[in-house]
Amino acid sequence: MDQELFNPQSSSVSSSRIIYTPSTFAGTSLLHLQEVGSLQAVHPHVSQREDLVSFLCFIVLSGEGELSYEEQTYQLGQGDCVFIDCRKAYSHSTSDNLWSLQWCHFYAPSLPAVYEKYKERGGRPVFHPDDIASFTSLLSDLYNLASSSDYIRDM
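Description of the structure in this document.

So, the pairing of strand β3 (residues 46-49)
Phase 1: Judged by which residues are buried, β3 turns out to be one-sided: Ser47 and Arg49 face inward and are buried, whereas Val46 and Gln48, on the alternate face, are not.
Phase 2: Looking at chain direction, β3 and strand β8 (residues 90-94) are connected through 4 bridges and run antiparallel. Paired with arginine 49 across the bridge in β8 is tyrosine 90.

Dropping the structure here:
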């Protein structure tokens, strides 16, 4: 894993992120947040990962890049959304048209089965909604909630 990309002072990205630690109950019983944030690439870079007990959702706010996942390569541009199982190997990279992203990592004990049902019903790792406003709003709300001291934020 390229730790340099997670450093807010990285030479490849400028980012704002929160690593969220759920309660024991949330971690074992609920769909729970692991990390949420945004980034602006400042140099082309590649990020590769595998075997993370996590699911990733990210939105390309601007710029372009590429996702490699399950032996396929997807070209990504503004407005594209990604939803993947990070237990499987993947990589994503920005092009010279540097991208800006919003993302979250999350998990639940039941999520692998939910993701399989999503795929069975035609869900794809990359999709392009007509309007990303609800997605960006949700990710902004998650970021704000994760940074709050609200005692019920796990729920």
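A short note on helix α3 (residues 133-146)
Phase 1: Taking 1.5 Å of rise per residue, the 14 residues of α3 would be expected to cover 20 Å, and the 20 Å separating its terminal C-alpha atoms lies within 8% of that figure.
Phase 2: For α3, the complete set of buried residues consists of Thr136, Leu139 and Ala146. Buried residues of α3, viewed axially, fall in a sector of 95°; they line one side. Turned more than 90 degrees away from the buried face of α3 sit Ser134 and Leu138, all of them exposed.
Phase 3: Its buried side turned inward, α3 meets β1 (13-19), β2 (32-41), β4 (55-62) and β9 (100-107).

So, the pairing of β2
Phase 1: A large share of β2 lies buried, amounting to 7 of its 10 residues.
Phase 2: Pairing analysis gives 8 bridges linking β2 to β9, with the strands arranged antiparallel. Bridging across to β9, glutamate 35 finds its partner in histidine 105.

Considering the sheet that holds β3
Phase 1: An order of β3-β8-β5-β6 is seen for the 4 strands of this open sheet, with the pairing classed as antiparallel. Edge strands, defined here as strands with exactly one partner in the open sheet, are β3 and β6 (72-77). Strand-to-strand twist of the sheet, defined as the mean angle between neighbouring strand axes without regard to direction, takes the value 15°.

Some remarks on the pattern of salt bridges
Phase 1: On inspection of all chains with the given rule, the structure shows 6 salt bridges.
Phase 2: Of the charged contacts, one joins arginine 87 and aspartate 85 as a salt bridge, the two residues approaching to 2.6 Å between their closest N and O atoms.
Phase 3: Take arginine 87: its relative accessible area is 34%, and that puts it in the partly exposed class.
Phase 4: Since its relative accessible area comes to 1%, aspartate 85 is described here as buried.
Phase 5: The partner of glutamate 120 in a salt bridge is lysine 117, with the nearest N and O atoms 3.4 Å apart. Taken as a pair, glutamate 120 and lysine 117 lie in helix α2 (residues 111-120) at a separation of 3 residues, close to a single helical turn.
Phase 6: Judged by its relative accessible area of 40%, lysine 117 falls in the partly exposed class.
Phase 7: Among the charged side chains, a salt-bridge network with shared partners connects Glu70, Lys88, Glu116 and Lys119.

Here we look at the environment of aspartate 51
Phase 1: Here aspartate 51 shows up in the loop between β3 and β4.
Phase 2: C-alpha of aspartate 51 to C-alpha of serine 29: the two residues are 22 residues apart in sequence and 21 Å apart in space.
Phase 3: Not counting the four nearest positions on each side in its chain, aspartate 51 is found in contact with Cys86 and Arg87.

Some points on the side chain of serine 93
Phase 1: Here serine 93 shows up in strand β8.
Phase 2: Ignoring any residue separated from it by four or fewer positions in sequence, one finds serine 93 in contact with His45, Val46, Gly65, Glu66 and Trp99.

With respect to the layout of surface pockets
Phase 1: When its volume is computed, the largest pocket comes out at roughly 400 Å³.
Phase 2: Forming the boundary of the largest pocket are 18 residues, of which Leu31, Leu33, Cys104, Phe106 and Leu142 lie nearest the centre.
Phase 3: For the lining of the largest pocket, the secondary structure elements donating two or more residues are β2, β9 and α3.
Phase 4: The element that contributes the greatest number of residues to the lining of the largest pocket is α3, accounting for 6 residues.
Phase 5: Considering only residue class, the lining of the largest pocket consists of 15 nonpolar, 1 polar and 2 charged.

What counts, and where the lines are drawn
Residues numbered from 1 in each chain as written. Predicted model: local features only at pLDDT ≥ 70, side-chain atom pairs only at ≥ 80, totals over all residues. Heavy atoms only, no water. Buried < 20%, exposed > 50% of the residue type's maximum accessible area, 1.4 Å probe, protein only. Helix = DSSP H or I, 4+ residues; strand = E, 2+ residues; numbered from the N terminus. Pairing = 2+ DSSP bridges. Expected span 1.5 Å × (residues − 1). Arc of directions from axis to C-beta. Contact = heavy atoms within 4.5 Å. Axes fitted to C-alpha atoms, helices over the stretch in contact; angles between N-to-C directions. Salt bridge = Lys/Arg side-chain N within 4 Å of Asp/Glu carboxyl O. 1 Å grid on protein atoms, 1.4 Å probe; cavity = no way out; pocket = protein on both sides within 12 Å on 5 of 7 lines; lining within 4 Å. Points joined across faces, edges and corners; volume = space filled by probe spheres on them. Nonpolar A, V, L, I, M, F, W, Y, C, P; charged D, E, K, R; others polar.

By themselves, these are just geometric observations and shouldn't be taken as functional.
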